[in-house]
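One letter stands for each residue in the lines below.
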Amino acid sequence: MSPTEVRRVRESEAEALLALRREALTEAPLAFLASPESDVAVSLEAVRAMLRGETGAVVLGAFAPELAGMAGLYREPQAKAAHKVNLWGFYVRPAARGQGLGKRLLEAALAQARTMEGVTSVRLSVSAAAPEAKALYARTGFRVWGHEPDALRHAGETVAEDHMVLEL
Ligand SMILES: CC(C)(COP(=O)(O)OP(=O)(O)OC[C@H]1O[C@@H](n2cnc3c(N)ncnc32)[C@H](O)[C@@H]1OP(=O)(O)O)[C@@H](O)C(=O)NCCC(=O)NCCS
C-alpha cells in the first residue's frame, strides 16, 4: 500500500476536490448543511478561488495516493469573532474509511488551527446522521456546548445537531 499524505490541497487539484465534495454531499446529505447546488464548492472556479486562499478557508486533503478525504477550516471574518475557527467538510470516501485517515485529517486541521495567530478555539456542528464523526470528535477532545433539535431537514427526514468546541 502506498503511504498516505495529509497536506493542504493545491489549486492544481481543484477538480479532484470538487468531485470529492460533490460525493460527500450526495453520499451523506444529512451529515452536511450544504447542498450540491448551493455549496461553497459550486463550480471549479469557486474551488480554485478557495484553494488560492481567497475565501478565508483552508482545505486539507488525505492522498492515498489519490484524494480520498478532506477537512476544511474557516475563520470567522468579523474581528469580534476572529478568535474562532470552524471545522467543515470533514469527509473520507467510504472505501478508505477505518484506516486512520479521518483521525490524521482531524489532527492536521487542529495543528493548522494552532498556527493561526489569535485563534483560541475550533468549533463544529455534527448531525445525528454522523455518529462516527461525533465519536471521533469527542475522543479528540471536542465537547458539546449545544444541542439543536430539528436542525436539518432533507428528503422528508429531520436530524438534530450537536455544536462542539475544542479550546486550543
Ligand atoms: C467521520 C469520518 C470522516 C471518519 O473517517 P475515517 O477515515 O473512517 O476515520 P478513522 O479511520 O480515522 O477512524 C476514526 C475512528 O473511528 C473508528 N471507526 C471508523 N469507522 C468506523 C465504523 N464504521 N464504525 C465504528 N467505528 C469506526 C475507528 O476505529 C477510529 O477509532 P480510534 O480513533 O479509536 O482508532 C468518515 O466516517 C466519514 O466521512 N463519514 C461521513 C461524513 C461525515 O459524517 N462527516 C462528518 C460531518 S460533521
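Here the structure is a predicted model, which means the values were calculated and not measured. (Residues numbered from 1 in each chain as written. Predicted model: local features only at pLDDT ≥ 70, side-chain atom pairs only at ≥ 80, totals over all residues. Heavy atoms only, no water.)

Undergrad: Describe in detail the side chain of Asp162, supporting the description with residues and values.
TA: Of note, Asp162 is situated in strand 7 (residues 157-167). At 2.6 Å, the side chain of Asp162 and the side chain of Lys134 are in polar contact. There is a polar contact of 2.7 Å between the side chain of Asp162 and the side chain of His147. Sequence-distant contacts of Asp162, that is, excluding residues within four places in its chain, are made with Leu124, Ser125, Val126, Lys134, Val144, Gly146 and His147. (Helix = DSSP H or I, 4+ residues; strand = E, 2+ residues; numbered from the N terminus. Polar contact = N/O pair within 3.5 Å; in protein donor to acceptor, adjacent residues only side chain to side chain. Contact = heavy atoms within 4.5 Å.)

Undergrad: Which residues make up the pattern of salt bridges, and what are the values?
TA: Applying the stated rule across the entire model yields twelve salt bridges. One salt bridge connects Arg97 with Glu27, and the closest N-O pair in it is separated by 3.1 Å. With a gap of 70 residues between them, Arg97 in the loop between strand 4 (84-92) and helix 3 (101-114) and Glu27 in helix 1 (residues 14-27) connect regions that are remote in the sequence. Exposure remark for Arg97: the relative accessible area of 40% places this residue in the partly exposed category. (Salt bridge = Lys/Arg side-chain N within 4 Å of Asp/Glu carboxyl O. Buried < 20%, exposed > 50% of the residue type's maximum accessible area, 1.4 Å probe, protein only.)

Undergrad: So, the site of the ligand: which residues are in play, and what are the values?
TA: Around the ligand, 20 residues are found, and the nearest of them are Phe90, Val92, Gly98, Gly100 and Lys103. For the ligand, a nitrogen atom lies 2.7 Å from a polar atom in the backbone of Phe90. Relative to its free-state accessible area of 940 Å², the ligand is covered by the protein chains to the extent of 71%. Broken down by secondary-structure element, the contributors of at least two residues to the shell around the ligand are strand 4, helix 3, strand 5 (121-127) and helix 4 (131-140). Considering each element in turn, the shell around the ligand owes the most residues, five residues, to helix 4. (Near = heavy atom within 4 Å. Areas by Shrake-Rupley, 256 points an atom, 1.4 Å probe, with all protein chains shown as cover.)

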